[in-house]
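Residue-level structure breakdown
This is what each chain is made of:
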Amino acid sequence: MKNIAILGSTGSIGTQTLEIVREQKDIKVWALAAGKNIDLLEKQIREFSPKLAAVWEESDAKDLQLRVKDLPVQVCYGMDGLLAVSTIPQAEILVTAIVGMLGLRPTVAAIRAKKCIALANKETLVTAGHLIMPLAEENHVSILPVDSEHSAIFQALNGEQGNRIHKILLTASGGPFRGKTREELAHMQLEDALKHPNWSMGKKITIDSATMINKGLEVMEARWLFGTDLDQIEVLVQPQSVIHSMVEFEDGSVIAQLGVPDMRLPIQYALYYPKRMPLSGKRLDFSALGGITFEKPDRKSVV
């Protein structure tokens, strides 16, 4: 039985984590934290029976407490609530899926409480990787990446301890604006940016993917996760989102991780590592795929 807590349970990563819980049936959810989607959080509480739930605003906490007064769940709020969810004694794994620097303090608290971190919050390492990685090592805590690209690199490095990385090839789909000219980009609207061609993600990360700023954050995250220099990380556009990233070793060998664009794959891998579990959904069909192509990032069409 896996025992977990989730920060950001009503977002894209959080809801897909709970899809895995629903399917696998051997994961117990002890605590959930969400922002303002009280309706969905109430449904999650009723389905997964956590001991603790947290929201950001005190008024939302009071509303939620009234809604679930028939259930044995404690409701808290604010940063204290996030810290309580992150350090709940029964959970062994914390899924950090909230957006922004808000995830930093709860992640630090969880590491100090010896929780394994399933990391989907880029900003934690972007802003404080120099603190987080030594703290995790000091506390003998694993940080398992949930981003598809970093999970791919992590998987490619399995069994390669002691072998030096020459280069990380961090792939990108190119997003909805790939191939557009400067003139076309000048007329793009919010709804255009939210139409990602391959992935189903939350609004912020979808926007960040459209502008490619997301890939910049991922480069910085990879630098801390895998202990490389920034000039060892190369961004490569792979429009089909089939190769999720690659590692080139000093002998010239390249190991890639491939799969359909489904965020449940890296989430489940982090939850069950090092074991792989069955997962429903599509499989990669190479005969139907036809081809895998690569491009350098377009640095000329920036508005």
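Numbering of residues begins from 1 in every chain and follows the order in which that chain's sequence is written. Thresholds applied to this predicted model are a pLDDT of at least 70 for local features of residues and 80 or more for the giving and counting of side-chain atom pairs; totals over whole chains, interfaces and linings are not thresholded and use all residues. In computing side-chain properties, one takes all heavy atoms of the structure into account and sets aside hydrogens as well as water.

**Details of the sheet that holds strand S8 (residues 165-172)**
Strand pairing in a sheet is mediated by backbone hydrogen bonds. Such pairs are either parallel or antiparallel. Criterion used throughout: strands pair if DSSP finds at least two bridges between them. Think of it this way: any DSSP run of H or I at least four residues long counts as a helix, any run of E at least two long counts as a strand, and we number them from the N terminus. Across the sheet, four strands lie side by side as S9-S8-S10-S11; this open sheet has mixed pairing. Each edge of the open sheet is held by one strand with a lone partner, namely strand S9 (233-237) and strand S11 (254-258). Adjacent strand axes in the sheet meet at a mean angle of 20°, parallel and antiparallel pairs treated alike. Both S8 and S9 contribute to a ladder of five bridges, which runs parallel. Its bridge partner lying in S9, Leu170 is registered against Val235. Across the sheet, helix H7 (residues 148-156) touches S8, strand S10 (243-249) and S11, and the angle it forms with S10 is around 40°. As a rule, the C-alpha atoms of each element are fitted with a line to give its axis, helices using only the stretch in contact, and angles between N-to-C directions run from 0 to 180 degrees. The criterion used for residue contact is that any of the two residues' heavy atoms lie within 4.5 Å.

**Overview of the pattern of salt bridges**
Pairs can form between side chains of opposite charge whenever their charged atoms are close. Salt bridges are counted wherever a side-chain nitrogen of Lys or Arg sits within 4 Å of a carboxyl oxygen of Asp or Glu. Applying the stated criterion across every chain yields a total of 15 salt bridges. Close ionic contact of Arg264 with Glu23 constitutes a salt bridge, the shortest N to O distance being 3.6 Å. On the criterion of sequence distance, the pair formed by Arg264 in helix H12 (residues 264-272) and Glu23 in helix H1 (residues 12-24) is long-range, its members being 241 residues apart. Under the scheme applied here, a residue whose accessible area is under 20% of the maximum for its type counts as buried, over 50% as exposed, and between as partly exposed, the area being computed with a 1.4 Å probe on protein chains only. The class for Arg264 is buried, based on a relative accessible area of 11%. Across the pair Asp147 and Lys122 runs a salt bridge whose closest N-O atoms are separated by 3.1 Å. Pair noted here: Asp147 is in the loop between strand S7 (143-145) and H7 and Lys122 is in helix H6 (residues 122-138), with a separation of 25 residues, a long-range link. A residue is classified by how much of its surface remains accessible, and Asp147, at 6% relative accessible area, is buried. Residue classification places Lys122 among the buried positions, given a relative accessible area of 5%. Taken together, the salt bridges that share partners define one network made up of Asp39, Glu42, Arg46, Asp63, Arg67 and Asp70.

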